[in-house]
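# Structural characterization, general
Here are the chains, one letter per residue:
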Amino acid sequence: MKNTNVKPSEGKLGILCVGLGAISSTFITGVLMIRKGLGKPVGSITQLAKIRVGKGDDAAYKSIPEIVSMPSLDDVVLGAWDIIPDNAFESSMKAEVLRDRDIYPVKEELEKIIPMKGVYDPDYVKALDGTWTKDTKATRWELTRQVREDIQRFKQENGCDRVVVVWAASTEIYVPRDSEVHDSIEAFEAAMKADDRSHISPSMCYAYAAIAEGAPFIMGAPNTCIDIPAMWQFAEKENVPIAGKDFKTGQTMMKTVLAAAFRTRMLGVNGWFSTNILGNRDGLVLDIPENFKTKEVSKLGVIDTILKGDEYPDLYSDIFHKVRINYYPPRNDDKEGWDNIDIFGWMGYPMQIKVDFLCRDSILAAPLLLDLALFGDLALRAGKSGIQTWLSFYLKSPMHDDGHCPVNDLFQQYTMLKNAIREMGGYEADEEID
């Protein structure tokens, strides 16, 4: 390993999940099973991928821990918050994502992971009834203080040197950006102290608390949350990395591949209709129109930034793009994402593509959660702060400040990811073909 400015990964890393539902319980159970040699971290770049460093005769393919200092899974301590009191074992069983044989070998460890009481506001997740919550009458500022105390206590009780906080809970109702509240940290803090519940969401309490405690914060849902100038300013001020938003798992991952292929081949697109059926807690929450609005904004923005209708008006200036999510309990966590894409080619002749992705939502999300947590910690040790655009690869709606556009092309995102790792490892960034 070359000399770098990245601090070594020493001691224990705490990964605190906001939400202990299907995604988090699948992630936690998987990590515990993999540590015992009873599973493989399929889908995790930090655990499996190799990246080329150097060129020509000096080229070598190395795993990420060979390039930069990374914690092993044995160094990770797992915890969570939730608005339901089920421990990690109970949650895993109820989620019905994993088979019993992949849960019971770590039953005792899972039972010890009892969620801390969550920040709950029924107006933000009307489909859920929180029974394990912090005082709902407390102000947003007071709730944030309590979350900070949770982080401090978790670190102390578990001997953690560092903590990363990852939101893996439900999608909140859509919170439009309000410049009077969200554009400065001073106005934002004043709104929290005034208990402005319409502009300050529960997820913002976790994000502010994490940043204040020096813990990288990852937003795995499409919530507005850290996608506001006040949070960018606060993260820069506290020298803490942030990343978001919305884990890129099934349908949107396919969009970032296909849209990039169409633009590369200069094939036109007339329309893109996407629908999903999903039966887990996420599907239940998204059945509420106000919550779906948040997800819809996240999913709709993907293809525009890839296809660039302004640059290629003959091909992409008038695309009809529709997204639907339907709650269908029989499917539980086995989501089906169906796309109909109307494209056109030489002389404008029409063609169609149908994609039916029968995916397992939490199985796809779990390795993303792991990688984002480990890379968030890496960014902290590398002295990075604010928005981590190099993590766009993992996210449906990559965060960006007002002066930049997001990159959604999966292959460009992967180049950004690899180059950030190369640079942190003391190697030259490049785009040479592997």
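Overview of the structure. Given the structure is predicted, the values throughout are model-derived calculations rather than measurements. (Residues numbered from 1 in each chain as written. Predicted model: local features only at pLDDT ≥ 70, side-chain atom pairs only at ≥ 80, totals over all residues. Heavy atoms only, no water.)

For the rest of this paragraph, the subject is the overall build of the protein. The helix and strand tally for the protein stands at 17 helices and 13 strands. Principal axes of the C-alpha set define a box for the protein whose edges measure 65 × 55 × 50 Å. Counted over contacts in the protein with a minimum sequence separation of 6, partners at least 24 positions apart contribute 76%. With the model as given, the accessible surface of the protein reaches about 18,600 Å², and the carbon-plus-sulfur share is 50%. In the protein, the 50 positive side-chain charges and the 64 negative ones have mean positions that sit 3 Å from each other. (Helix = DSSP H or I, 4+ residues; strand = E, 2+ residues; numbered from the N terminus. Contact = heavy atoms within 4.5 Å. Areas by Shrake-Rupley, 256 points an atom, 1.4 Å probe, with all protein chains shown as cover. Lys, Arg positive; Asp, Glu negative; His and termini not counted. Charge placed at Lys NZ, Arg CZ, Asp CG, Glu CD.)

The 4 strands lie next to each other as β10-β9-β11-β12, forming an open sheet whose pairing is mixed. Of all the strands in the sheet, the pair left with one neighbour each is β10 (320-327) and β12 (350-358). Strand-to-strand, the axes of this sheet are offset by a mean angle of 10°, without reference to chain direction. Note: strand β9 (residues 268-278) against β10, 8 bridges, orientation parallel. Pairing of Thr-275 across the sheet is with Arg-324, part of β10. (Pairing = 2+ DSSP bridges. Axes fitted to C-alpha atoms, helices over the stretch in contact; angles between N-to-C directions.)

Moving on: helix α4 (residues 88-95). Burial in α4 covers these residues: Ala-88, Phe-89, Ser-91, Ser-92 and Ala-95. Projection of α4 onto a plane perpendicular to its axis shows the buried side chains occupying an angular sector of 165°, all on one side. Against the buried residues of α4 lie α1 (22-35) and α5 (107-111). Capping of α4 at its N-terminal end is provided by Asn-87; its side-chain oxygen lies 3.0 Å from the backbone amide nitrogen of Phe-89. (Buried < 20%, exposed > 50% of the residue type's maximum accessible area, 1.4 Å probe, protein only. Arc of directions from axis to C-beta. Polar contact = N/O pair within 3.5 Å; in protein donor to acceptor, adjacent residues only side chain to side chain.)

Now for the environment of Ile-421. The residue Ile-421 is located in helix α17 (residues 410-424) in this model. Put simply, Ile-421 and Trp-390 are 31 residues apart on the chain and 9.1 Å apart in space, counted from C-alpha to C-alpha. With residues up to four places along the chain from it excluded, the contact list for Ile-421 reads Ile-51, Ile-64, Ile-67, Val-68, Phe-375 and Trp-390.

So, about the pattern of salt bridges. Enumeration over the complete set of coordinates arrives at 22 salt bridges. Put simply, Arg-153 and Asp-150 hold a salt bridge, and the shortest N to O gap is 2.5 Å. One end of the pair is Arg-153 and the other is Asp-150, both in helix α6 (residues 140-158) and 3 residues apart, which spans about a single turn. Asp-150 sits in the buried class, given a relative accessible area of 4%. (Salt bridge = Lys/Arg side-chain N within 4 Å of Asp/Glu carboxyl O.)

With that out of the way, let us pick up the sheet that holds strand β7 (residues 217-219). Strand order across the open sheet formed by 7 strands is β5-β4-β1-β6-β7-β8-β13, with parallel pairing between neighbours. Only two strands of the sheet have a single partner each, and these edge strands are β5 (116-117) and β13 (386-387). Where strand β1 (residues 12-18) lies against strand β6 (residues 160-167), 7 bridges are found, and the strand directions are parallel. Residue pairing in the sheet places Lys-12 in a bridge with Cys-160 of β6. Across the sheet, α1 lies against β1 and β4 (76-82), angled at about 160° from β4, the strand it touches most. Each of β1, β4, β5 and β6 is contacted by α6, which is oriented at about 135° to β6, the strand it contacts most.

Counting buried residues in β6 gives 7 out of 8 residues, a clear majority hidden from the surface. Strand direction decides the pairing type here: β6 and β7, joined by 3 bridges, are parallel. Each bridged residue has a counterpart across the sheet, and for Val-166 the counterpart in β7 is Ile-218.

Moving on, we get to the pairing of strand β8 (residues 241-244). Burial of the side chains of β8 extends over both faces: Pro-241 and Ala-243 are buried on one face and Ile-242 and Gly-244 on the other. Relative to β8, β7 runs parallel, the two sharing 3 bridges. Along β8, the bridge assignment pairs Ile-218 with Ala-243. Taking the sense of rotation as the criterion, the β-α-β connection linking β7, helix α10 (residues 229-238) and β8 turns out right-handed. (Right-handed = clockwise from strand over helix to strand, strands pointing away.)

Okay, the environment of Ser-92 next. Examined against the element boundaries, Ser-92 turns out to sit in helix α4. Each C-alpha atom, one on Ser-92 and one on Leu-128, is 18 Å from the other, the two residues being 36 residues apart in sequence. Apart from the residues lying within four places of it in its own chain, the contact partners of Ser-92 are Ser-25, Thr-29, Ile-103 and Leu-110.

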